[in-house]
Amino acid sequence: MRVQAQHVFYLDFQLPEFRGTDTAQLAIKHNDQLAIIEPWDHTGELFEGELGQTLVTAQFLLAQAGRPGGQLARRVADITIDRLAVAIEWDRDGSPAGEEDLIHARLEEAVTYANYFISHVRAGTGSTHVNRIEVYWHPDDLTLAVQVPHTVQWFNMDSGTALPMFQGLNGHNSAGGIRLPFNGAVEWDSLLNSMSTGTLPPFHRTLLVDARDALTTAGIREAVLCIASACEVRITQYAEAQTTLSRTAIREMFRRDGGSFARRYFDLLPQAACGQSLLSHDAQAFADIQDCYLQRNGLMHEGDLLAPLKAMGLAERLRTVSQWRLSAERALTWVDSLPTTTS
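Criteria and cut-off values
- Residues numbered from 1 in each chain as written.
- Predicted model: local features only at pLDDT ≥ 70, side-chain atom pairs only at ≥ 80, totals over all residues.
- Heavy atoms only, no water.
- Helix = DSSP H or I, 4+ residues; strand = E, 2+ residues; numbered from the N terminus.
- Buried < 20%, exposed > 50% of the residue type's maximum accessible area, 1.4 Å probe, protein only.
- 1 Å grid on protein atoms, 1.4 Å probe; cavity = no way out; pocket = protein on both sides within 12 Å on 5 of 7 lines; lining within 4 Å.
- Points joined across faces, edges and corners; volume = space filled by probe spheres on them.
- Expected span 1.5 Å × (residues − 1).
- Salt bridge = Lys/Arg side-chain N within 4 Å of Asp/Glu carboxyl O.
- Pairing = 2+ DSSP bridges.
- pLDDT = per-residue confidence, 0-100.
- Disulfide = S-S within 2.5 Å.
- Phe/Tyr/Trp six-rings, centres within 6.5 Å; stacked < 30°, edge-to-face > 60°.
- Lys NZ or Arg CZ within 6 Å of the ring centre and 35° of its normal.
- Lys, Arg positive; Asp, Glu negative; His and termini not counted.
- Contact = heavy atoms within 4.5 Å.
- Core = buried A, V, L, I, M, F, W, Y, C linked by side-chain atoms within 4.5 Å.

S.K.: Just checking my understanding: could you explain unusual backbone geometry for this structure?
M.R.: When glycine is set aside, most residues are seen to have a negative phi, and most peptide bonds are trans. Look at the link from A307 to P308: it is a cis peptide, with omega at 0°. Despite not being glycine, N31 shows a phi value in the positive range, around 55°. When you line up the elements, N31 lands in the loop between strand 2 (26-30) and strand 3 (33-39). Classification of N31 by relative accessible area gives exposed; the value is 64%. One non-glycine residue, H42, adopts positive backbone phi at about 65°. One can find H42 in the loop between strand 3 and helix 1 (49-55).

What follows is the structure, encoded as structure tokens:
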């Protein structure tokens, strides 16, 4: 059976005009799949088919219960001005109906293909208004949700019929999502203590928050750079603050012993300065920082992710980099505990 999983993403920005072609359509063959990416040609209805029509009046209303305040309201028809379709085709034996994991996998792949296309459009136009398909990755419970309105329908291309993939139904639509605006609670005294320094918050802590934010929207490259930079900023501060080793001694030690960033800064340096090592304290955090910094180098020097991260699917990448962020949190807390002088 030839199967096609058809995804239509509805956008709150307009894609550019594509000149030099009568039909703006892109086919990408990868392994045993064929992905077809097709921007809207601005003929016919914006909200495509019966599934699209059901989104026209879909509306979110988000308000806090039990206390006065405002509310967030969003109607899909009021925020949508363009669409992008991504169809994924492949051959398989038997019907895939009811395979929930496969449905999620194909949606994840469709988002990846769409964002691959949009990223090149963004770079080609230089426009900051061309945005990736927004997803929300929860770094704590490791779940992924597509935030933009979208529809999904699967077809048996041999017979031309829709497949009952969605609990017996032939299609699925989603009005997207709004990020919950509640941001938890903070002790007032701790906030005052933080501001009493008269400076901005520690840069490495800010970078880890930025990494979390990048992860929630599947910004893998941005998250990797933030995590690695946070580690570099904090351990460099420690190298400057400790009084056991001179800068010349540190450079000589690194020249003599070499090794990766993690080996030099989270093992050799603290071992020589105060007799402690992250490798001994938390081997998993050490390994994760090492892997993260290797990917950072790949981005900085080669402009792309390296294996094995490069070959992973979106959800697996997000799980991996989320683990690196948690490891960086532990490692930087450990660095905070290191003495800067020897007794």
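S.K.: Explanation requested: the layout of surface pockets in the structure shown.
M.R.: Over the atoms rolls a probe the size of a water molecule, and in doing so it shows where empty space is left. Here the largest pocket defines a volume of roughly 1400 Å³. In terms of lining, the largest pocket is formed by 47 residues, of which the most central are V111, T112, N115, Y116 and R317. For the lining of the largest pocket, the secondary structure elements donating two or more residues are strand 1 (2-11), strand 2, helix 3 (100-125), helix 6 (220-241) and helix 11 (314-337).

S.K.: Would you take a moment to explain helix 3 for this structure?
M.R.: Think of an α-helix as 3.6 residues a turn; residues three or four steps apart then line up on the same face. For helix 3, which comprises 26 residues, the first-to-last C-alpha distance of 37 Å matches the rise-based estimate of 38 Å (1.5 Å per residue) to within 8%. Looking one or two residues beyond helix 3, the residue adopting positive phi is G126, at roughly 70°.

S.K.: What is the right way to read the environment of D41 from this model?
M.R.: Within the element layout of this structure, D41 appears in the loop between strand 3 and helix 1. Its relative accessible area of 54% is what places D41 among the exposed residues. It is 54 Å that separates the C-alpha atoms of D41 and G198, two residues lying 157 residues apart in sequence.

S.K.: What exactly am I supposed to notice about the pattern of salt bridges here?
M.R.: Oppositely charged side chains can pair when the atoms bearing their charge come close. A complete count under the given rule lists 18 salt bridges for this structure. A salt bridge links D336 to R205; the shortest N-O distance between them is 3.0 Å. Residue D336 is found in helix 11, and its partner R205 is found in helix 5 (residues 203-216); the two are separated by 131 residues along the sequence. Overall, R205 belongs to the partly exposed group, its relative accessible area being 25%. Overlapping salt bridges bring together R205, R234, R325, E329 and D336 as one network.

S.K.: Hey, could you run me through the pairing of strand 4 (residues 59-63) in this one?
M.R.: Each regular strand carries side chains that alternate between the two faces of the sheet. Among the 5 residues of strand 4, 0 are classified as buried, and the element is accordingly described as predominantly exposed. Here 5 bridges tie strand 4 to strand 5 (residues 71-75), and the two strands are oriented antiparallel to one another. Bridge assignment links L62 to a residue of strand 5, and that residue is L72.

S.K.: What should I look at first to understand the confidence of the model for the chain in this one?
M.R.: Predicted coordinates in areas of low pLDDT are best not read in detail. With 98% of its residues at a pLDDT of 70 or more, the chain has an overall mean of 91. Summarising per-element confidence for the chain, the mean pLDDT is lowest in strand 4 (80) and highest in strand 6 (residues 82-91) (97).

S.K.: Would you take a moment to explain the state of the cysteines for this structure?
M.R.: Working definition: the covalent bond between the sulfur atoms of two cysteines is a disulfide. For the coordinates displayed, the defined rule picks out 0 disulfides. Not part of a disulfide, C231 finds its nearest cysteine sulfur in C292, a span of 6.6 Å. Judged by relative accessible area, which is 2%, C231 ranks as buried.

S.K.: Sorry if this is basic, but what is going on with the packing of aromatic side chains here?
M.R.: Applying the stated rule across the entire model yields 7 aromatic pairs. With 6.0 Å between their ring centres and 65° between their planes, F261 and F266 make a pair best called edge-to-face. In this pair, the class of F261 matches that of F266, namely buried. Both rings, one in F261 and one in Y293, keep their centres 3.8 Å apart while their planes meet at 10°; by these two values the pair is stacked. In this pair, F261 sits in helix 8 (residues 261-274) while Y293 sits in helix 10 (residues 283-302), placing the two residues 32 residues apart along the sequence. Taken as a pair, F261 and Y293 share a single burial class, namely buried. In textbook terms, an aromatic cluster arises when at least three aromatic residues are bridged by ring pairs, as seen for F254, F261, Y265, F266 and Y293. Over the face of the ring belonging to W90 we find R106, whose NZ or CZ atom lies 4.1 Å from the ring centre. The ring centre of F254 lies 5.7 Å from the NZ or CZ of R264, which sits over that ring.

S.K.: Help me out: how do you make sense of the side chain of R296 in this one?
M.R.: Looking at the secondary structure, you find R296 in helix 10. Of the side chains with opposite charge, E232 lies nearest to the buried R296, which makes no salt bridge, at 4.2 Å. Sequence-distant contacts of R296, that is, excluding residues within four places in its chain, are made with V224, L225, A228, E232 and H301.

S.K.: Help me out: how do you make sense of the nonpolar core in this one?
M.R.: Nonpolar side chains tend toward joint burial in soluble globular proteins. One finds F9, I133, W154, F266, L269 and V321 to be the most contacted residues of the largest nonpolar core, which totals 82 residues. Element by element, the count of residues in this core is highest for helix 6, at 11 residues. Residues W40, L46, L55 and A175 belong to the second largest nonpolar core, which totals 10 residues.

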